[in-house]
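Commentary on secondary and tertiary structure
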Amino acid sequence: MIWFKKQTFLFLNYRLLTVVCGLLTMAGCATTGRIQKTGLPVESFSVNNTVYLPLISLCRHFNILWEYDYIGRQVTLRKANVEAKLLLDTSVVLVNGLPLDIEYPVITHNGFTAVPLKFKEKVIDKFYLEAVPEEKPKYILEKRIKKVVIDAGHGGHDPGAIGKTGLREKDVNLDIARRLAQFLKAQGIEVLMTRSTDKFISLQGRADIANRSRADLFISVHSNSAASGKLNGFEVYYITEKVNDYSRALFSAKSADLDIDSSSFYGSSLDLKTTLWDMVYTSSRLESIRLAQNICESAERNMGLKILGVKGAPFYVLKGAHIPAVLIETGFLSNPKEEKYLRNNFYRQQIAEAISDGIIHYSRQYELAGAQY
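The structure reproduced in this document is the subject of the present report. (Residues numbered from 1 in each chain as written. Predicted model: local features only at pLDDT ≥ 70, side-chain atom pairs only at ≥ 80, totals over all residues. Heavy atoms only, no water.)

**Digging into the environment of H322**
Relative to the helices and strands, H322 is located in the loop between α8 (316-319) and β15 (325-332). Between the C-alpha atom of H322 and that of N211, which follows or precedes it by 111 residues, the distance is 6.1 Å. (Helix = DSSP H or I, 4+ residues; strand = E, 2+ residues; numbered from the N terminus.)

**What to know about the pattern of salt bridges**
According to the stated counting rule, one finds 17 salt bridges in the structure shown. Of the charged contacts in the structure, one is a salt bridge between R78 and E67, with a shortest N-O distance of 3.2 Å. With R78 in strand β4 (residues 74-79) and E67 in strand β3 (residues 65-69), this pair connects stretches of sequence that are eleven residues apart. R78 sits in the buried class, given a relative accessible area of 13%. Assessed through its relative accessible area of 21%, E67 is described here as partly exposed. Among the salt bridges present, the one from K122 reaches E103, with a minimum N-O distance of 3.3 Å. Of this pair, K122 sits in helix α3 (residues 117-128) while E103 sits in the loop between β7 (98-101) and β8 (107-109), placing them 19 residues apart in sequence. (Salt bridge = Lys/Arg side-chain N within 4 Å of Asp/Glu carboxyl O. Buried < 20%, exposed > 50% of the residue type's maximum accessible area, 1.4 Å probe, protein only.)

**Looking at the sheet that holds strand β6 (residues 92-95)**
Sheet strands pair via backbone hydrogen bonds, and the direction of the pair is either parallel or antiparallel. Pairing is antiparallel in the open sheet, where five strands are placed in the order β3-β4-β5-β6-β7. If you trace the sheet from one side to the other, it starts and ends with β3 and β7, each paired once. In this sheet, adjacent strand axes meet at a mean angle of 25° when their direction is disregarded. Bridge count between β3 and β4: five bridges; the pairing is antiparallel. Paired with W66 across the bridge in β4 is L77. (Pairing = 2+ DSSP bridges. Axes fitted to C-alpha atoms, helices over the stretch in contact; angles between N-to-C directions.)

**Digging into the sheet that holds strand β1 (residues 45-47)**
Pairing is antiparallel across the open sheet formed by four strands, whose spatial order is β1-β2-β9-β8. With one partner strand each, in any of the chains shown, β1 and β8 form the two edges of the open sheet. Adjacent strand axes in the sheet meet at a mean angle of 50° when their direction is disregarded. In this structure, β8 lies alongside strand β9 (residues 112-116), joined through three bridges in antiparallel fashion. Bridge pairing links I107 to A114 in β9. Running over the sheet, α3 touches β2 (50-54) and β9 and is turned about 70° from β9. (Contact = heavy atoms within 4.5 Å.)

Function-wise, these values are silent; they only describe arrangement.
Have a look at this one:
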């Protein structure tokens with residue numbers, strides 16, 4: 001009898017629990033599960049009464065290519081003639097460079113990136129389903145890199161590093177920069193020099209020239225120096241991830257204009273502008289790393305130089321640039337052997353050609369990638 005009462009009690013409690021769960025689900029309190037109203041064969045779930053979909057599942061379903069920048073927490077989607085950039089924890093998406101508000105933020109849920117249902121409606125339905133593949137010749141590709149800013153470091157009253165025999169960094173930088181400009185022009189790339197003579201330009205002035213130019217890349221040419229005369233080698237820097245992108249973005253939002261149609265803004269709040277600048281910086285840093293890698297590989301391949309690597313550093317001239325930017329240290333003036341090399345015109349020509357080759361290789365690499373989209 002006791003056993004029967006116990007089983008009856010458990011059964012009634014189980015039925016009660018089932019009814020309560022059913023009521024909670026009907027009331028919309030359940031946080032996960034399939035939601036059929038999306039009309040998509042992908043898992044969906046609810047967060048704070050907002051329907052979310054796994055981004056990768058959407059991309060696979062609609063045959064959209066995706067790329068993650070894990071450092072910057074940004075995702076880039078591409079298909080045909082449409083590119084969208086998403087930044088985690090924000091509700092702004094850049095579609096072909098124009099901002100679009102999807103009302104709810106992109107989030108991370110159980111280890112994967114998820115987007116609100118509004119993303120499917122406002123971006124995928126409107127842009128990707130209507131995307132028209134661009135007609136491209138099979139072997140002839142449009143140049144991706146059309147304009148490059150070359151910055152010869154130091155100048156004027158600022159000589160930069162000085163070697164033991166008196167070789168001044170500002171002179172080496174300018175000569176290599178001029179030679180690099182000639183190589184790039186020969187490839188049909190437009191070049192803008194921050195300085196073409198021996199004059200001083202502030203670091204902010206150099207960054208301003210780059211940002212006003214609407215160029216694709218910013219290349220700053222320098223020569224290295226160290227306390228030890230034994231150090232030697234070639235290295236390329238990009239803006240380090242330790243530099244707070246949000247702080248840079250906030251500064252730019254207050255002081256600079258984005259090259260976008262202002263009518264596309266859903267309001268002109270500082271938060272929105274900061275978010276957009278954050279996306280610009282995140283994307284440009286990733287491209288800067290790729291560019292730096294190509295230049296280092298070219299210097300090693302063409303000249304057999306000792307490569308010290310691709311490194312992140314908070315150089316002001318890189319921090320101020322809004323486009324992919326690298327700073328190249330061509331060699332150590334503090335090393336007697338490398339100072340001798342850097343004094344030689346033929347060696348400078350080889351350095352310039354190696355840098356040019358790296359830039360061209362970077363350009364072609366992403367032309368080919370773009371052809372797949």
